[in-house]
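# Summary of the model geometry
Spelled out, the chains give:
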Amino acid sequence: MHTVRPHGFALMTAIVLGLPFQHAKAAGLGASDMEGVCLVKTFRTGVGGMRLPVWRPYLLLKDGSAYANPKLAPDTLDPEQSRQDEADRWGSWSQQGSDKTLSMPGQGAMSSAQCLPPATAGMSIQGSYKHVGGGGNTISGGHASFMRSDSYRFYADGRFSSGSNSGLISPGASTDVEDAGKTGHYRIHDYSIDLRYEDGSEAQLFFYADGDRLLHIGDEDFVPAGD
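So, a few notes on the structure that sits alongside this text. (Residues numbered from 1 in each chain as written. Predicted model: local features only at pLDDT ≥ 70, side-chain atom pairs only at ≥ 80, totals over all residues. Heavy atoms only, no water.)

### As for the layout of surface pockets
Within this model, the largest pocket holds a volume of roughly 400 Å³. Forming the walls of the largest pocket are 19 residues, and the residues nearest its centre are R148, D150, Y152, Y197 and F222. Contributions of two or more residues to the lining of the largest pocket are made by β11 (145–154), β12 (159–170), β16 (202–209) and β18 (220–224). When grouped by side-chain class, the residues that make up the lining of the largest pocket number six nonpolar, six polar and seven charged. (1 Å grid on protein atoms, 1.4 Å probe; cavity = no way out; pocket = protein on both sides within 12 Å on 5 of 7 lines; lining within 4 Å. Points joined across faces, edges and corners; volume = space filled by probe spheres on them. Helix = DSSP H or I, 4+ residues; strand = E, 2+ residues; numbered from the N terminus. Nonpolar A, V, L, I, M, F, W, Y, C, P; charged D, E, K, R; others polar.)

### Some thoughts on the nonpolar core
Considering soluble globular proteins, one finds that nonpolar side chains tend to be buried as a cluster. Grouped together as the largest cluster of nonpolar side chains are 18 residues, with contacts concentrated most on F154, I193, L215 and I217. Among the secondary structure elements, those contributing two or more residues to this core are β11, β14 (182–189), β15 (192–197), β16 and β17 (215–217). If you look at the next biggest cluster of nonpolar residues, it comprises 15 residues, including M34, L39, W55 and Y191. (Core = buried A, V, L, I, M, F, W, Y, C linked by side-chain atoms within 4.5 Å. Buried < 20%, exposed > 50% of the residue type's maximum accessible area, 1.4 Å probe, protein only.)

### So, unusual backbone geometry
One non-glycine residue, N69, lies in the positive phi region at around 50 degrees. Position of N69 among the secondary structure elements: in the loop between β4 (65–68) and α1 (79–85). A relative accessible area of 17% places N69 in the buried class. Backbone geometry at D190 places phi at a positive 50 degrees, although glycine is not the residue there. As for its placement among the helices and strands, D190 is situated in the loop between β14 and β15.

Honestly, it's all geometry; don't read function into it.
Listed below in structure tokens is the structure:
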């Protein structure tokens, strides 16, 4: 997840794209099941081992339960099976006034920093976005660090391209590997983005946007990459 704090919603313009998606019926979560998505501040290890703040999303359901840091689209999630397979990611939430409080296994009560609305069906986005992550131990006097950069470029007509780059830096050795990338079409609805690639593969990922400075895709934050 990226370390940029979300800002006001100003990115999207709702349009109907008319893409050739046939969205399959799933025994997952629908709009009527979801209360919303709220963010809680936490920390992660960045490139070189630096400790960085991030805002982790929690999917709140109307039955009072909360699901931590989703990666896949909510309509692909089987809540009953998920509660068995990944019980540590399920908790509860409550509200007093406008404040929401989350309780997760093994953690104290957490107050949400911000809550975000779902996307409008057919929403359009434009521009290049990137996520940079990594690790290593240079911050503590070591000599190794690694980095990975993932990127998307979106077009208003529903097309997109994606790619990645990774590298390792250590004494006497360094690597730099670039993925040739893929192209396809995207479709946004609720807290989901459906990616259909030209090679026939598909991905249905968790999604939200907050301002023209942040997209959350899968379980990572993406910020403008510049052209």
